[in-house]
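# Remarks on the overall topology
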Amino acid sequence: MNRVISIILGGGAGTRLYPLTKTRAKPAVPLAGKHRLIDIPISNCINSNILKIYILTQFNSASLNQHISRSYAFSGFQQGFVEVLAAQQTPESQAWFQGTADAVRQYLGRFASHDVDDYLILSGDHLYRMDYSDFVRQHRESGADITLSVVPMDEARASSFGLMKINPHGRIIDFYEKPEGEALKHMQVDTTALGMDAAAAQKMPYIASMGIYVFKRRALLDLLQRRPDYTDFGKEILPEAIHKMKVQAYLFNDYWEDIGTIKAFYDANLALVKQPNPDFSFYNKSAPIYTRARYLPPTKQLECTVTESMISEGCILKSCQIHHSVLGIRTRIESGCLIRNSLLMGADYYQSDFEQDSRCDRPQIALGIGANSEISNAIIDKNARIGCNVKILNKDNVQEAEREQDGFYIRSGIVVVLKDATLPDGMVI
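### Description of the packing of aromatic side chains
Tallying each qualifying case throughout the model produces 12 aromatic pairs. Measuring from ring centre to ring centre gives 5.6 Å for Phe161 and Trp256, while their planes differ by 55°; the resulting arrangement is tilted. One end of the pair, Phe161, is in the loop between helix H6 (155–158) and strand S9 (162–166); the other, Trp256, is in strand S13 (residues 256–258), with 95 residues separating them in the sequence. Grouping residues by exposure puts Phe161 and Trp256 together as buried. For the pair Phe215 and Phe233, a centre-to-centre distance of 5.5 Å together with 45° between the ring planes defines the contact as tilted.

Spelled out as C-alpha coordinates, the structure:
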(Lines give C-alpha, C1' and ligand atoms only; values in the text may rest on other atoms or scores of the structure.)
Protein backbone atom coordinates (compact mmCIF):
# COMPACT_ATOMS: atom_id res chain seq x y z
CA MET A 1 0.00 0.00 0.00
CA ASN A 2 3.03 2.30 -0.05
CA ARG A 3 2.17 3.16 -3.68
CA VAL A 4 -1.23 4.61 -2.77
CA ILE A 5 -2.06 8.17 -1.74
CA SER A 6 -5.25 8.89 0.17
CA ILE A 7 -7.13 12.13 -0.50
CA ILE A 8 -9.87 12.89 2.04
CA LEU A 9 -12.46 15.49 1.03
CA GLY A 10 -13.17 17.80 3.94
CA GLY A 11 -16.73 18.52 2.85
CA GLY A 12 -18.65 21.64 1.92
CA ALA A 13 -20.53 24.04 4.16
CA GLY A 14 -22.45 21.18 5.84
CA THR A 15 -25.76 23.05 5.78
CA ARG A 16 -27.82 19.94 6.57
CA LEU A 17 -25.83 19.47 9.80
CA TYR A 18 -26.31 23.09 10.89
CA PRO A 19 -26.07 24.28 13.70
CA LEU A 20 -23.39 21.66 14.50
CA THR A 21 -21.45 23.12 11.55
CA LYS A 22 -21.95 26.75 12.56
CA THR A 23 -18.34 27.11 13.77
CA ARG A 24 -16.68 23.93 12.48
CA ALA A 25 -16.25 21.90 9.31
CA LYS A 26 -18.44 18.82 8.95
CA PRO A 27 -15.56 16.34 9.47
CA ALA A 28 -14.68 18.18 12.72
CA VAL A 29 -18.09 17.48 14.30
CA PRO A 30 -17.59 15.48 17.55
CA LEU A 31 -18.52 11.80 17.43
CA ALA A 32 -19.05 9.15 20.14
CA GLY A 33 -18.03 11.38 23.03
CA LYS A 34 -14.31 11.80 22.29
CA HIS A 35 -13.72 11.40 18.55
CA ARG A 36 -14.45 13.52 15.48
CA LEU A 37 -15.85 12.38 12.14
CA ILE A 38 -12.50 12.87 10.40
CA ASP A 39 -10.96 10.22 12.69
CA ILE A 40 -12.90 7.51 10.83
CA PRO A 41 -11.30 7.74 7.35
CA ILE A 42 -7.86 8.60 8.79
CA SER A 43 -7.98 5.56 11.10
CA ASN A 44 -9.17 3.33 8.27
CA CYS A 45 -6.17 4.49 6.23
CA ILE A 46 -3.71 3.84 9.05
CA ASN A 47 -5.20 0.40 9.72
CA SER A 48 -4.94 -0.36 5.98
CA ASN A 49 -1.25 0.69 6.00
CA ILE A 50 -1.96 3.68 3.73
CA LEU A 51 0.13 6.34 5.43
CA LYS A 52 0.32 9.14 2.87
CA ILE A 53 -2.85 11.10 3.62
CA TYR A 54 -3.98 14.50 2.37
CA ILE A 55 -7.11 16.28 3.65
CA LEU A 56 -8.70 19.01 1.52
CA THR A 57 -10.51 21.66 3.56
CA GLN A 58 -12.38 24.88 2.89
CA PHE A 59 -15.23 25.86 5.25
CA ASN A 60 -14.74 26.57 8.99
CA SER A 61 -11.54 24.54 8.98
CA ALA A 62 -9.70 26.00 12.01
CA SER A 63 -10.85 23.39 14.55
CA LEU A 64 -10.36 20.58 12.01
CA ASN A 65 -6.80 21.71 11.29
CA GLN A 66 -6.06 21.95 15.01
CA HIS A 67 -7.43 18.48 15.71
CA ILE A 68 -5.41 16.88 12.90
CA SER A 69 -2.16 18.60 13.87
CA ARG A 70 -2.55 17.51 17.51
CA SER A 71 -3.69 13.95 16.74
CA TYR A 72 -1.59 12.62 13.87
CA ALA A 73 2.08 13.44 14.28
CA PHE A 74 2.80 9.93 12.91
CA SER A 75 5.80 9.32 15.14
CA GLY A 76 4.31 5.92 15.94
CA PHE A 77 3.13 5.02 12.44
CA GLN A 78 6.46 4.53 10.58
CA GLN A 79 6.95 6.79 7.57
CA GLY A 80 3.98 8.79 6.38
CA PHE A 81 2.06 12.02 6.89
CA VAL A 82 -1.37 13.55 7.39
CA GLU A 83 -1.32 16.94 5.70
CA VAL A 84 -4.09 19.52 5.42
CA LEU A 85 -4.43 21.31 2.08
CA ALA A 86 -6.74 24.31 2.41
CA ALA A 87 -8.55 26.06 -0.43
CA GLN A 88 -6.46 28.97 -1.64
CA GLN A 89 -6.34 31.60 -4.34
CA THR A 90 -3.35 31.41 -6.69
CA PRO A 91 -2.19 33.30 -9.81
CA GLU A 92 -3.68 30.43 -11.86
CA SER A 93 -7.00 30.29 -10.00
CA GLN A 94 -8.88 32.96 -8.06
CA ALA A 95 -11.73 30.60 -7.14
CA TRP A 96 -12.26 28.48 -4.03
CA PHE A 97 -13.06 24.78 -4.44
CA GLN A 98 -16.09 24.51 -6.73
CA GLY A 99 -16.77 20.82 -6.07
CA THR A 100 -15.15 17.51 -5.20
CA ALA A 101 -13.32 17.11 -8.51
CA ASP A 102 -12.25 20.76 -8.59
CA ALA A 103 -10.79 20.44 -5.08
CA VAL A 104 -8.57 17.55 -6.22
CA ARG A 105 -7.71 19.34 -9.49
CA GLN A 106 -6.48 22.46 -7.72
CA TYR A 107 -3.82 20.38 -5.94
CA LEU A 108 -3.19 17.96 -8.79
CA GLY A 109 0.42 19.10 -9.13
CA ARG A 110 1.08 18.13 -5.50
CA PHE A 111 -0.55 14.70 -5.93
CA ALA A 112 1.16 14.00 -9.27
CA SER A 113 4.58 14.70 -7.74
CA HIS A 114 4.36 11.45 -5.76
CA ASP A 115 5.54 8.23 -7.40
CA VAL A 116 2.37 6.19 -6.80
CA ASP A 117 0.11 3.88 -8.77
CA ASP A 118 -3.31 4.75 -7.34
CA TYR A 119 -5.22 7.55 -5.64
CA LEU A 120 -7.78 6.65 -2.97
CA ILE A 121 -10.44 9.37 -2.66
CA LEU A 122 -12.58 9.39 0.50
CA SER A 123 -15.31 11.43 2.17
CA GLY A 124 -14.62 12.89 5.59
CA ASP A 125 -18.10 12.53 7.09
CA HIS A 126 -19.07 8.83 7.00
CA LEU A 127 -19.14 6.26 9.82
CA TYR A 128 -17.81 2.81 8.88
CA ARG A 129 -14.79 0.54 9.29
CA MET A 130 -13.15 -0.64 6.07
CA ASP A 131 -9.90 -2.30 5.06
CA TYR A 132 -8.94 -0.23 2.04
CA SER A 133 -6.18 -2.68 1.12
CA ASP A 134 -8.84 -5.22 0.04
CA PHE A 135 -10.54 -2.48 -1.98
CA VAL A 136 -7.30 -1.46 -3.72
CA ARG A 137 -6.31 -5.10 -4.30
CA GLN A 138 -9.56 -5.90 -6.11
CA HIS A 139 -9.19 -2.70 -8.13
CA ARG A 140 -5.76 -3.77 -9.32
CA GLU A 141 -6.70 -7.41 -9.98
CA SER A 142 -9.71 -6.39 -12.09
CA GLY A 143 -7.58 -4.10 -14.26
CA ALA A 144 -10.05 -1.26 -13.67
CA ASP A 145 -9.23 2.37 -14.31
CA ILE A 146 -11.62 3.38 -11.50
CA THR A 147 -13.32 1.34 -8.78
CA LEU A 148 -16.24 2.60 -6.68
CA SER A 149 -17.17 1.14 -3.32
CA VAL A 150 -20.93 0.49 -3.28
CA VAL A 151 -23.70 -0.59 -0.90
CA PRO A 152 -27.22 -1.90 -1.52
CA MET A 153 -29.81 0.79 -0.84
CA ASP A 154 -33.56 1.00 -0.15
CA GLU A 155 -35.87 3.30 -2.09
CA ALA A 156 -36.50 5.70 0.81
CA ARG A 157 -32.87 6.88 0.86
CA ALA A 158 -31.76 6.11 -2.69
CA SER A 159 -32.35 9.57 -4.13
CA SER A 160 -29.72 11.01 -1.76
CA PHE A 161 -26.91 9.04 -3.40
CA GLY A 162 -25.23 8.38 -6.70
CA LEU A 163 -26.84 5.21 -8.11
CA MET A 164 -25.49 2.79 -10.69
CA LYS A 165 -26.17 -0.28 -12.77
CA ILE A 166 -23.62 -3.05 -13.25
CA ASN A 167 -23.18 -5.97 -15.64
CA PRO A 168 -22.69 -9.58 -14.41
CA HIS A 169 -18.94 -8.97 -14.12
CA GLY A 170 -19.32 -6.00 -11.79
CA ARG A 171 -18.55 -3.38 -14.40
CA ILE A 172 -20.55 -0.17 -14.02
CA ILE A 173 -22.62 0.54 -17.12
CA ASP A 174 -24.77 3.43 -15.90
CA PHE A 175 -24.38 6.10 -13.21
CA TYR A 176 -26.79 8.81 -12.06
CA GLU A 177 -26.15 11.26 -9.22
CA LYS A 178 -29.15 11.68 -6.85
CA PRO A 179 -31.96 10.77 -9.29
CA GLU A 180 -35.61 11.46 -8.51
CA GLY A 181 -38.97 10.42 -9.95
CA GLU A 182 -38.77 8.39 -13.14
CA ALA A 183 -34.98 8.71 -13.20
CA LEU A 184 -34.90 7.00 -9.80
CA LYS A 185 -37.13 4.13 -10.98
CA HIS A 186 -34.86 3.70 -13.99
CA MET A 187 -31.89 2.94 -11.69
CA GLN A 188 -33.52 -0.07 -10.03
CA VAL A 189 -31.49 -3.28 -10.38
CA ASP A 190 -31.63 -6.90 -9.27
CA THR A 191 -29.25 -6.78 -6.31
CA THR A 192 -29.16 -10.58 -6.07
CA ALA A 193 -26.23 -10.09 -8.48
CA LEU A 194 -24.36 -8.75 -5.45
CA GLY A 195 -25.03 -11.95 -3.52
CA MET A 196 -28.14 -10.78 -1.66
CA ASP A 197 -31.05 -13.17 -1.11
CA ALA A 198 -34.36 -12.50 -2.87
CA ALA A 199 -36.08 -10.96 0.19
CA ALA A 200 -33.21 -8.54 0.90
CA ALA A 201 -32.91 -7.68 -2.80
CA GLN A 202 -36.57 -6.71 -2.91
CA LYS A 203 -36.09 -4.32 0.04
CA MET A 204 -32.90 -2.84 -1.44
CA PRO A 205 -33.28 -2.61 -5.23
CA TYR A 206 -30.58 0.03 -5.76
CA ILE A 207 -26.78 0.12 -5.77
CA ALA A 208 -25.46 3.33 -4.17
CA SER A 209 -22.02 4.87 -4.29
CA MET A 210 -20.35 5.35 -0.90
CA GLY A 211 -18.31 8.28 -2.23
CA ILE A 212 -15.19 6.11 -1.96
CA TYR A 213 -13.15 5.80 -5.16
CA VAL A 214 -9.79 4.44 -6.21
CA PHE A 215 -8.31 5.79 -9.46
CA LYS A 216 -5.36 4.60 -11.44
CA ARG A 217 -2.85 7.42 -11.53
CA ARG A 218 -3.20 8.05 -15.28
CA ALA A 219 -7.02 7.81 -15.17
CA LEU A 220 -7.33 10.55 -12.55
CA LEU A 221 -4.86 12.87 -14.25
CA ASP A 222 -6.50 12.41 -17.67
CA LEU A 223 -10.06 12.96 -16.44
CA LEU A 224 -9.28 16.10 -14.44
CA GLN A 225 -7.05 17.67 -17.09
CA ARG A 226 -9.23 16.82 -20.10
CA ARG A 227 -12.37 18.49 -18.73
CA PRO A 228 -11.37 21.45 -16.54
CA ASP A 229 -15.01 22.58 -16.55
CA TYR A 230 -16.10 19.43 -14.67
CA THR A 231 -16.13 20.25 -10.96
CA ASP A 232 -17.83 17.23 -9.33
CA PHE A 233 -16.98 13.53 -9.36
CA GLY A 234 -20.53 12.23 -8.91
CA LYS A 235 -22.37 14.61 -11.22
CA GLU A 236 -19.85 14.92 -14.07
CA ILE A 237 -16.60 12.95 -13.91
CA LEU A 238 -17.95 9.46 -13.17
CA PRO A 239 -20.98 9.50 -15.55
CA GLU A 240 -18.60 10.33 -18.41
CA ALA A 241 -15.86 7.94 -17.30
CA ILE A 242 -18.05 4.82 -17.44
CA HIS A 243 -18.37 5.25 -21.22
CA LYS A 244 -14.63 5.74 -21.83
CA MET A 245 -12.88 3.71 -19.13
CA LYS A 246 -13.26 0.46 -17.22
CA VAL A 247 -15.14 1.38 -14.04
CA GLN A 248 -15.81 -1.41 -11.55
CA ALA A 249 -18.00 -1.78 -8.46
CA TYR A 250 -16.69 -3.10 -5.13
CA LEU A 251 -19.42 -4.37 -2.78
CA PHE A 252 -19.01 -3.26 0.84
CA ASN A 253 -21.26 -5.55 2.84
CA ASP A 254 -21.01 -4.01 6.31
CA TYR A 255 -22.22 -1.06 8.35
CA TRP A 256 -21.91 2.32 6.66
CA GLU A 257 -23.72 5.54 7.52
CA ASP A 258 -23.60 8.84 5.69
CA ILE A 259 -23.65 11.44 8.50
CA GLY A 260 -25.36 14.06 6.38
CA THR A 261 -28.25 15.26 8.54
CA ILE A 262 -28.95 15.99 12.20
CA LYS A 263 -31.25 12.94 12.38
CA ALA A 264 -28.62 10.62 10.87
CA PHE A 265 -25.96 12.03 13.20
CA TYR A 266 -28.17 11.64 16.27
CA ASP A 267 -29.24 8.10 15.38
CA ALA A 268 -25.69 6.96 14.58
CA ASN A 269 -24.37 8.21 17.92
CA LEU A 270 -27.11 6.68 20.04
CA ALA A 271 -26.84 3.38 18.14
CA LEU A 272 -23.34 3.04 19.58
CA VAL A 273 -24.71 2.28 23.06
CA LYS A 274 -26.63 -0.79 21.91
CA GLN A 275 -25.61 -4.07 23.52
CA PRO A 276 -24.47 -6.72 22.91
CA ASN A 277 -24.04 -6.14 19.16
CA PRO A 278 -24.05 -2.49 18.05
CA ASP A 279 -24.03 -1.83 14.31
CA PHE A 280 -20.67 -0.08 14.70
CA SER A 281 -18.26 -0.65 17.56
CA PHE A 282 -15.23 1.28 18.76
CA TYR A 283 -14.12 -1.83 20.67
CA ASN A 284 -12.02 -3.44 17.94
CA LYS A 285 -8.40 -4.07 18.93
CA SER A 286 -7.31 -5.01 15.42
CA ALA A 287 -8.71 -1.84 13.81
CA PRO A 288 -8.84 0.94 16.42
CA ILE A 289 -10.24 4.40 15.76
CA TYR A 290 -7.53 6.90 16.62
CA THR A 291 -8.03 10.41 17.97
CA ARG A 292 -6.27 13.07 19.99
CA ALA A 293 -4.75 11.87 23.27
CA ARG A 294 -5.95 14.34 25.92
CA TYR A 295 -4.68 12.68 29.14
CA LEU A 296 -7.87 13.43 31.05
CA PRO A 297 -8.62 12.01 34.53
CA PRO A 298 -11.13 9.18 35.02
CA THR A 299 -14.81 10.04 35.28
CA LYS A 300 -16.34 10.45 38.75
CA GLN A 301 -19.85 9.15 39.40
CA LEU A 302 -21.49 9.96 42.73
CA GLU A 303 -24.69 7.94 43.42
CA CYS A 304 -25.70 7.83 39.75
CA THR A 305 -27.94 5.47 37.84
CA VAL A 306 -26.52 4.87 34.36
CA THR A 307 -28.11 2.48 31.87
CA GLU A 308 -27.26 1.72 28.23
CA SER A 309 -24.92 4.70 27.86
CA MET A 310 -21.35 5.70 26.96
CA ILE A 311 -19.48 8.00 29.33
CA SER A 312 -16.25 9.63 28.16
CA GLU A 313 -13.31 10.45 30.41
CA GLY A 314 -12.92 13.53 32.54
CA CYS A 315 -16.60 13.84 33.58
CA ILE A 316 -18.22 14.51 36.96
CA LEU A 317 -21.75 13.12 37.47
CA LYS A 318 -23.60 13.83 40.70
CA SER A 319 -26.70 11.91 41.88
CA CYS A 320 -28.27 11.84 38.41
CA GLN A 321 -30.01 9.40 36.09
CA ILE A 322 -28.66 8.75 32.60
CA HIS A 323 -30.36 6.43 30.14
CA HIS A 324 -29.54 5.58 26.51
CA SER A 325 -27.21 8.54 26.06
CA VAL A 326 -23.66 9.45 25.03
CA LEU A 327 -21.67 11.86 27.22
CA GLY A 328 -18.61 13.62 25.81
CA ILE A 329 -15.38 14.55 27.53
CA ARG A 330 -15.47 16.92 30.54
CA THR A 331 -19.26 16.68 30.92
CA ARG A 332 -20.56 17.88 34.29
CA ILE A 333 -24.07 16.94 35.45
CA GLU A 334 -25.42 18.18 38.76
CA SER A 335 -27.66 16.31 41.21
CA GLY A 336 -31.30 15.61 40.42
CA CYS A 337 -30.85 15.59 36.64
CA LEU A 338 -32.46 13.13 34.26
CA ILE A 339 -30.80 12.60 30.85
CA ARG A 340 -32.54 10.34 28.30
CA ASN A 341 -31.92 9.54 24.63
CA SER A 342 -29.47 12.42 24.29
CA LEU A 343 -26.00 13.28 23.08
CA LEU A 344 -24.02 15.63 25.33
CA MET A 345 -20.77 16.66 23.66
CA GLY A 346 -19.08 17.91 26.82
CA ALA A 347 -16.56 20.74 26.94
CA ASP A 348 -13.25 21.86 25.45
CA TYR A 349 -11.90 22.99 28.82
CA TYR A 350 -12.42 22.86 32.58
CA GLN A 351 -13.62 25.91 34.43
CA SER A 352 -11.59 26.66 37.56
CA ASP A 353 -14.14 25.26 40.04
CA PHE A 354 -15.12 22.18 38.02
CA GLU A 355 -14.91 19.82 41.03
CA GLN A 356 -16.59 22.22 43.44
CA ASP A 357 -20.26 22.44 44.39
CA SER A 358 -22.20 24.35 41.73
CA ARG A 359 -25.21 25.81 43.54
CA CYS A 360 -28.23 27.30 41.81
CA ASP A 361 -27.78 30.65 43.56
CA ARG A 362 -24.36 31.34 41.98
CA PRO A 363 -23.77 34.58 40.03
CA GLN A 364 -23.01 32.83 36.72
CA ILE A 365 -24.34 29.63 35.16
CA ALA A 366 -21.57 27.03 35.15
CA LEU A 367 -20.42 24.80 32.31
CA GLY A 368 -22.51 21.64 32.09
CA ILE A 369 -26.00 20.70 33.23
CA GLY A 370 -27.46 22.48 36.28
CA ALA A 371 -29.28 20.74 39.13
CA ASN A 372 -32.74 19.21 38.65
CA SER A 373 -32.70 19.66 34.87
CA GLU A 374 -34.28 17.17 32.47
CA ILE A 375 -33.05 16.53 28.93
CA SER A 376 -34.64 14.16 26.44
CA ASN A 377 -34.12 13.57 22.69
CA ALA A 378 -31.55 16.32 22.38
CA ILE A 379 -28.03 17.17 21.26
CA ILE A 380 -26.12 19.52 23.57
CA ASP A 381 -23.11 20.94 21.75
CA LYS A 382 -19.79 21.70 23.45
CA ASN A 383 -19.30 24.27 26.22
CA ALA A 384 -23.04 24.74 26.74
CA ARG A 385 -24.17 26.19 30.09
CA ILE A 386 -27.53 24.75 31.10
CA GLY A 387 -29.06 26.34 34.19
CA CYS A 388 -30.94 24.71 37.05
CA ASN A 389 -34.46 23.30 36.57
CA VAL A 390 -34.20 23.50 32.78
CA LYS A 391 -36.53 21.21 30.78
CA ILE A 392 -35.48 20.23 27.25
CA LEU A 393 -38.29 17.88 26.27
CA ASN A 394 -40.03 19.13 23.11
CA LYS A 395 -43.34 17.87 24.52
CA ASP A 396 -45.27 19.50 21.66
CA ASN A 397 -43.26 17.42 19.17
CA VAL A 398 -42.17 20.45 17.12
CA GLN A 399 -40.27 19.14 14.08
CA GLU A 400 -38.46 22.25 12.91
CA ALA A 401 -37.61 25.52 14.66
CA GLU A 402 -34.89 28.16 14.39
CA ARG A 403 -34.37 29.84 17.75
CA GLU A 404 -30.71 30.76 17.47
CA GLN A 405 -31.24 33.90 19.55
CA ASP A 406 -32.43 31.61 22.36
CA GLY A 407 -29.54 29.19 21.94
CA PHE A 408 -31.18 26.27 20.15
CA TYR A 409 -32.64 24.79 16.96
CA ILE A 410 -35.03 21.91 16.43
CA ARG A 411 -34.27 19.55 13.55
CA SER A 412 -36.46 16.49 12.81
CA GLY A 413 -37.89 16.81 16.33
CA ILE A 414 -34.42 16.80 17.93
CA VAL A 415 -33.51 19.83 20.06
CA VAL A 416 -29.97 21.01 19.27
CA VAL A 417 -28.43 23.40 21.81
CA LEU A 418 -25.70 25.51 20.20
CA LYS A 419 -22.03 25.42 21.09
CA ASP A 420 -21.21 27.94 23.86
CA ALA A 421 -24.93 28.65 24.41
CA THR A 422 -26.35 29.55 27.83
CA LEU A 423 -29.87 28.47 28.83
CA PRO A 424 -31.11 30.32 31.94
CA ASP A 425 -32.55 28.68 35.05
CA GLY A 426 -36.08 27.36 34.58
CA MET A 427 -36.09 27.56 30.76
CA VAL A 428 -38.47 25.09 29.09
CA ILE A 429 -38.09 23.88 25.50
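More follows now that the structure is in view.
### Things to note about the pattern of salt bridges
Counted according to the given criterion, the structure contains 26 salt bridges. Its salt-bridge partner being Asp125, residue Lys26 comes within 2.8 Å of it at the nearest N-O pair. Taken together, the residues Lys26 in the loop between strand S1 (4–9) and strand S2 (30–31) and Asp125 in the loop between strand S6 (118–123) and strand S7 (126–128) connect sequence positions 99 residues apart. Asp125 shares its class with Lys26; the two are buried. Two residues, Asp229 and Arg227, come together in a salt bridge whose shortest N-O distance is 2.8 Å. A residue is classified by how much of its surface remains accessible, and Asp229, at 44% relative accessible area, is partly exposed. What makes Arg227 partly exposed here is its relative accessible area of 26%. Each member of the salt-bridge network shares a partner with another, and the members are Arg227, Asp229, Glu240 and Lys244.

### Some remarks on the pairing of strand S8 (residues 146–153)
On any regular strand, side chains alternate: one points to one face of the sheet, the next to the other face. Of all 8 residues in S8, 8 are buried, a share of seventy percent or more. Here S8 shows no split at all, with Ile146, Leu148, Val150 and Pro152 on one side and Thr147, Ser149, Val151 and Met153 on the other all buried. Across 7 bridges, S8 lies against strand S11 (residues 206–216) in antiparallel orientation. Bridge pairing in S11 places Thr147 opposite Val214. Relative to strand S12 (residues 247–251), S8 is paired through 5 bridges, and the arrangement is parallel. Counted as the bridge partner of Ser149 is Tyr250 from S12.

### Here's the deal with the side chain of Ser209
Secondary-structure assignment places Ser209 in strand S11. Given a relative accessible area of 6%, Ser209 falls into the buried group. At a separation of 3.1 Å, a polar atom in the side chain of Ser209 contacts the main-chain amide nitrogen of Gly211. Here Ser209 is in contact with Leu148, Ser149, Phe161, Gly162, Met164, Phe175 and Trp256, once residues within four sequence places are set aside.

### Brief notes about helix H1 (residues 39–47)
Taken across its 9 residues, H1 has 8 buried, putting it largely inside the fold. Listed in full, the buried residues belonging to H1 are Asp39, Ile40, Pro41, Ile42, Ser43, Asn44, Cys45 and Ile46. Remark: Asn49 follows H1 within two positions and exhibits a positive phi of approximately 65°.

### Focus: helix H2 (residues 62–71)
Within H2, burial applies to Ser63, Leu64, His67, Ile68 and Ser71. In an axial view of H2, the angular spread of the buried residues amounts to 130°, which keeps them on one side of the axis. Turned more than 90 degrees away from the buried face of H2, the exposed residues are Ala62 and Ser69.

About the criteria used
Numbers given to residues run from 1 along each chain, matching the order in which its sequence is written. pLDDT decides what is reported in this predicted model: residues at 70 or higher carry local features, side-chain atom pairs at 80 or more are listed and counted, and totals for whole chains, interfaces and linings draw on all residues regardless. Derived side-chain values reflect all non-hydrogen atoms in the structure, with water molecules and hydrogen atoms excluded from consideration. Aromatic pairs are defined between Phe, Tyr and Trp rings, using the six-membered ring for Trp, whenever the two ring centres lie within 6.5 Å; interplanar angles under 30 degrees are classed as stacked, those over 60 as edge-to-face, and all others as tilted. Helix and strand labels come from DSSP, where a helix needs a run of H or I of at least four residues and a strand needs a run of E of at least two; each type is numbered from the N terminus. Exposure categories follow from relative accessible area, calculated using a 1.4 Å probe and restricted to protein chains: below 20% of the type maximum is buried, above 50% is exposed, and the middle band is partly exposed. We define a salt bridge as a side-chain nitrogen of Lys or Arg found within 4 Å of a carboxyl oxygen belonging to Asp or Glu. Two strands are counted as paired when DSSP detects at least two bridges linking them. Two N or O atoms form a polar contact when they lie within 3.5 Å of each other; inside protein one atom must be a possible hydrogen donor and the other a possible acceptor, and for residues adjacent in sequence the pair counts only when both atoms belong to side chains. Note on contacts: a residue pair is in contact if any heavy atoms of the two residues lie within 4.5 Å. The arc under discussion is defined with respect to the helix axis, by the directions toward the C-beta atoms.

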